Amino acid sequence: QVQLVESGGGLVQAGGSLRLSCAASGFTFSLYSMSWYRQAPGKERELVAAITGISWRTNYADSVKGRFTISRDNAKKTVYLQMNSLKPEDTAVYYCNAVHQTLTNLNYWGQGTQVTVSS
């Protein structure tokens, strides 16, 4: 079955760094665009960063541009989110998402990993 398993979250001081990983299984990873979303308490889930499956084109939320980097390893079926210069407002549960590049009804979510940035 399809699984997306996030890891790498935790507690970090402002200005610090974390690297999130999302290990995928149960689908053809290279055919899916992969994204990281986040949801802070009382707020809607928002897109943080995305990367396409073949061309590896990326896009980022304005709030994280220049600080976060999304990447993927199709051989390892893993997507990463390198987060630098973390701010307290980056505190949220971070979710991994996979969407087929043409069959967009094929859409999967991980269980989320907590990132807490202390000031």
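Throughout, a residue's number is its position along its own chain's written sequence, starting from 1. Per-residue local features of the predicted model are confined to residues with pLDDT of at least 70, and side-chain atom pairs are confined, for both listing and counting, to 80 or more; whole-chain, interface and lining totals are unaffected and use all residues. Each side-chain value is derived from all of the structure's non-hydrogen atoms; neither hydrogens nor water enter the calculation.

Enquirer: So what's going on with the overall build of the chain? Residues and values would help.
Expert: For the chain, the helix and strand inventory stands at zero helices and eleven strands. Secondary structure elements of the chain, listed N to C terminal, follow the sequence β-β-β-β-β-β-β-β-β-β-β. The globule rule used here is 2.2 Å times the number of residues to the 0.38 power, and the radius of gyration it is set against is calculated over C-alpha atoms. Scaling as 2.2 N^0.38, a compact globule of 119 residues should have a C-alpha radius of gyration of about 14 Å, and the chain matches this with 14 Å. Along the longest, intermediate and shortest principal axes, the C-alpha atoms of the chain span 40 × 25 × 25 Å. Scored against the burial criterion, the 119 residues of the chain give a buried share of 43%. Taken as a whole, the chain presents about 6200 Å² of accessible surface, with 50% of it coming from carbon and sulfur. His is not counted, nor are the chain ends, whereas Lys and Arg count as positive and Asp and Glu as negative. Throughout, a charge is located at the NZ atom of Lys, the CZ atom of Arg, the CG atom of Asp or the CD atom of Glu. Charged side chains in the chain number 11 positive and 7 negative. The centres of these two groups are separated by 6 Å. A helix here means a DSSP run of H or I that spans at least four residues, while a strand means a run of E at least two residues long, and both kinds are numbered starting from the N terminus. Remark: exposure states derive from per-residue accessible area (1.4 Å probe, protein chains only) relative to the maximum for the residue type, with buried under 20%, exposed over 50%, and partly exposed in between. The Shrake-Rupley method, run with a 1.4 Å probe sphere, supplies the accessible areas, and residue values consider only the shown protein chains as cover.

Enquirer: Can you explain the packing of aromatic side chains? Please cite residues and give values.
Expert: Only Phe, Tyr and Trp rings take part, Trp by its six-membered ring, and two of them pair if their centres are within 6.5 Å. Stacked means planes under 30 degrees apart, edge-to-face means over 60, and tilted covers everything else. Following the criterion strictly, the structure yields five aromatic pairs and no others. Ring geometry for Phe 27 and Tyr 108: centres 5.6 Å apart, planes at 35 degrees, overall tilted. One end of the pair, Phe 27, is in the loop between β3 (18-25) and β4 (32-39); the other, Tyr 108, is in strand β10 (residues 107-109), and 81 residues separate them in sequence. Assessed through its relative accessible area of 9%, Phe 27 is described here as buried. Relative accessible area serves as the criterion here: at 23%, Tyr 108 is assigned to the partly exposed category. An aromatic cluster of at least three residues, connected via ring pairs, comprises Phe 27, Phe 29, Tyr 32 and Tyr 108. Only lysine NZ and arginine CZ atoms are considered, and such an atom sits over a ring when it is within 6 Å of the ring centre and within 35 degrees of the ring normal. The ring of Tyr 80 is capped by Arg 19, whose NZ or CZ atom sits 4.0 Å from the centre of that ring. Over the ring of Tyr 95 we find Arg 45; its NZ or CZ atom is 3.7 Å from the centre of that ring.

Enquirer: Pulling in residues and values, what's your account of the sheet that holds strand β7 (residues 68-73)?
Expert: What makes two strands pair is DSSP finding at least two bridges between them. Spatially, four strands are ordered β1-β3-β8-β7 in an open sheet, and the strand pairing comes out antiparallel. Only two strands of the sheet have a single neighbouring strand rather than two, namely β1 (3-7) and β7. Each strand of the sheet is rotated relative to its neighbour by a mean of 15 degrees, with strand direction disregarded. Bridge count for β3 against strand β8 (residues 78-83) is six bridges, and the pairing is antiparallel. Along β8, the bridge assignment pairs Leu 20 with Leu 81. A fitted line through C-alpha atoms serves as each axis, taken over the contacting stretch for helices, and the angle formed by two N-to-C directions is quoted from 0 to 180°.

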